[in-house]
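What follows is each chain in one-letter form.
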Amino acid sequence: MLERLAIVERKTQGSEIARINKALEDQEARILYAKQKIKEAAETGDGELLAQAQELWFDAKKQFEALDNVKRQAVAQPQQQ
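Fair warning: this is a prediction, and the values are worked out from it, not measured in the lab. (Residues numbered from 1 in each chain as written. Predicted model: local features only at pLDDT ≥ 70, side-chain atom pairs only at ≥ 80, totals over all residues. Heavy atoms only, no water.)

## Overview of the overall build of the protein
At step 1: When helices and strands are tallied, the protein shows 2 helices and 0 strands.
At step 2: The 81 residues of the protein split such that 16% are buried.
At step 3: Expressed as a percentage of contacts within the protein between residues at least 6 apart in sequence, the contacts between residues at least 24 apart total 67%.
At step 4: Surface summary for the protein: the accessible area is close to 6400 Å², and the carbon and sulfur share equals 54%. (Helix = DSSP H or I, 4+ residues; strand = E, 2+ residues; numbered from the N terminus. Buried < 20%, exposed > 50% of the residue type's maximum accessible area, 1.4 Å probe, protein only. Contact = heavy atoms within 4.5 Å. Areas by Shrake-Rupley, 256 points an atom, 1.4 Å probe, with all protein chains shown as cover.)

Set out below in structure tokens:
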């Protein structure tokens with residue numbers, strides 16, 4: 001019974017980490033998009049677009065870091081058990 005429970009827990013953890021990895025990829029894409037918009041705004045001299053792009057970049061970077069921390073904790077948790 002304990003072995004079955006351990007298998008289920010490993011599968012659950014694996015799927016959680018996969019979802020976190022996907023979310024990290026999504027945030028990386030948002031970061032790249034924001035960088036492109038920052039470049040575009042700088043080239044065109046559009047201050048409003050620059051401000052929006054910087055907000056987008058900051059938000060995506062913050063979410064990426066939060067997800068990365070969650071992933072690190074999820075990976076470290078089984079090692080402690």
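## Looking at the environment of Lys-37
At step 1: Among the secondary structure elements, Lys-37 is positioned in helix α1 (residues 2-44).
At step 2: Between the alpha carbons of Lys-37 and Leu-50 there is a distance of 7.2 Å; along the sequence they are 13 residues apart.

## What to know about the pattern of salt bridges
At step 1: Applying the stated criterion across every chain yields a total of 4 salt bridges.
At step 2: Across the pair Asp-26 and Lys-22 runs a salt bridge, and its minimum N-O distance is 2.8 Å. Of this pair, Asp-26 and Lys-22 both sit in helix α1, 4 residues apart, which is roughly one turn of the helix.
At step 3: Residue Lys-22 is classed as partly exposed on the basis of its relative accessible area, which comes to 46%. (Salt bridge = Lys/Arg side-chain N within 4 Å of Asp/Glu carboxyl O.)

## Topic: the side chain of Gln-27
At step 1: Of note, Gln-27 is situated in helix α1.
At step 2: What Gln-27 contacts, discounting residues up to four positions off in sequence, is Ala-60, Gln-63, Phe-64 and Leu-67.

## Let's talk about the nonpolar core
At step 1: The biggest cluster of nonpolar side chains holds 5 residues, and these are Ile-20, Leu-24, Ile-31, Ala-60 and Phe-64.
At step 2: Elements represented by at least two residues in this core include exactly α1 and α2 (47-80).
At step 3: Ranked by residue count, the leading element in this core is α1, at 3 residues. (Core = buried A, V, L, I, M, F, W, Y, C linked by side-chain atoms within 4.5 Å.)

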